[in-house]
Amino acid sequence: STGLFIHDGLHGSLAIGRAANRWATFCAGLPLLISGTAYRVTHTWHHLDLGRPRDFGTYQQHTRRASVVWLCYFAQLLAGSFIYIAAIPLLSLRLADNKIRQRIVLEYTLIAIVAAACLCLFPIKVILWYWLAPMLVMNALPNIRGLAAHGLPETRAPFLASRAVRTSRHVA
């Protein structure tokens with residue numbers, strides 16, 4: 001899935017050199033309609049602010065009602081990837097500084113131009129069959145993984161929330 005590539009890119013391991021990595025990450029996010037820079041902002045806060053207000057990958061800190069938390073995880077399981085497509089630009093613009101906001105706006109402008117060109121060049125049936133249908137299947141796996149990674153660990157204890165463990169530079 002291109003989601004794996006965009007994730008590798010935000011950790012700086014998709015291409016050699018900062019600029020090359022940034023544009024490779026942008027290209028990985030393009031089919032998902034996600035700005036690599038926007039994703040980096042939200043994902044970074046997800047790790048840095050684990051289980052606190054700026055962590056939008058978990059829900060316990062946003063409500064005390066267990067039923068609401070599990071309803072959020074159920075929505076994430078069913079449609080999380082599509083919810084993130086809409087939420088990432090809004091959350092990242094709120095969390096980013098001005099310089100990063102400009103990059104985010106540039107990337108989403110380029111995404112809109114490419115999407116508009118595709119809508120002009122290809123019949124809607126082709127777009128639905130060759131882009132949307134595979135995306136529905138492809139996005140099911142990250143939704144399942146997201147529930148396992150975010151719904152099951154104890155987020156109040158960083159050691160138990162395995163996604164917050166830092167690795168050695170020799171391993172990562």
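Residues numbered from 1 in each chain as written. Predicted model: local features only at pLDDT ≥ 70, side-chain atom pairs only at ≥ 80, totals over all residues. Heavy atoms only, no water.

1. As for unusual backbone geometry
Phi at Leu-33 takes a positive value of approximately 65 degrees, unusual for a residue other than glycine. Tracing the backbone shows Leu-33 in the loop between helix H2 (18-29) and helix H3 (36-48). Its relative accessible area of 29% is what places Leu-33 among the partly exposed residues. (Helix = DSSP H or I, 4+ residues; strand = E, 2+ residues; numbered from the N terminus. Buried < 20%, exposed > 50% of the residue type's maximum accessible area, 1.4 Å probe, protein only.)

2. Points about the packing of aromatic side chains
Inspection of the entire model under this criterion finds two aromatic pairs. Consider the rings of Trp-23 and Phe-26, whose centres lie 5.4 Å apart with planes at 75 degrees: the pair is edge-to-face. Of the two residues, Trp-23 and Phe-26 are both situated in helix H2; the distance of three residues between them amounts to about one turn of the helix. By relative accessible area, which is 33% here, Trp-23 ends up partly exposed. Between the aromatic rings of Trp-70 and Tyr-73, the centroid separation amounts to 5.4 Å while the plane-to-plane angle is 55 degrees, which identifies the pairing as tilted. You can see Trp-70 and its partner Tyr-73 sitting in helix H4 (residues 66-95), three residues apart, about one turn around the helix. Its relative accessible area of 45% is what places Trp-70 among the partly exposed residues. (Phe/Tyr/Trp six-rings, centres within 6.5 Å; stacked < 30°, edge-to-face > 60°.)

3. A word on the nonpolar core
In terms of nonpolar packing, the biggest core is built from 17 residues, with Ile-6, Ile-34, Tyr-39, Ile-88, Ile-104 and Tyr-108 touching the most fellow members. Broken down by secondary-structure element, the contributors of at least two residues to this core are helix H1 (2-10), H2, H3, H4 and helix H5 (98-121). When residues no more than four places from it in sequence are discounted, the contact partners of Ile-6 are Thr-25, Ala-28, Gly-29, Leu-32, Ile-34, Ser-35, Gly-36 and Tyr-39. (Core = buried A, V, L, I, M, F, W, Y, C linked by side-chain atoms within 4.5 Å. Contact = heavy atoms within 4.5 Å.)

4. Points about the environment of Gln-102
Note on placement: Gln-102 falls in helix H5. Taking relative accessible area as the criterion, Gln-102 reaches 58% and is therefore assigned exposed. When the C-alpha positions of Gln-102 and Thr-37 are compared, they lie 10.0 Å apart, and in sequence the two are 65 residues distant.

5. A few points about H4
Across its 30 residues, H4 extends only 26 Å between first and last C-alpha, which sits more than 12% below the 44 Å expected from 1.5 Å per residue. Most pronounced at Ala-79, the bend in H4 amounts to some 95 degrees. The complete set of buried residues in H4 reads Val-69, Tyr-73, Gln-76, Gly-80, Ser-81, Ile-85, Ile-88, Pro-89, Leu-91, Ser-92 and Leu-95. (Expected span 1.5 Å × (residues − 1). Bend = angle between axes of the 7 residues up to and from the residue.)

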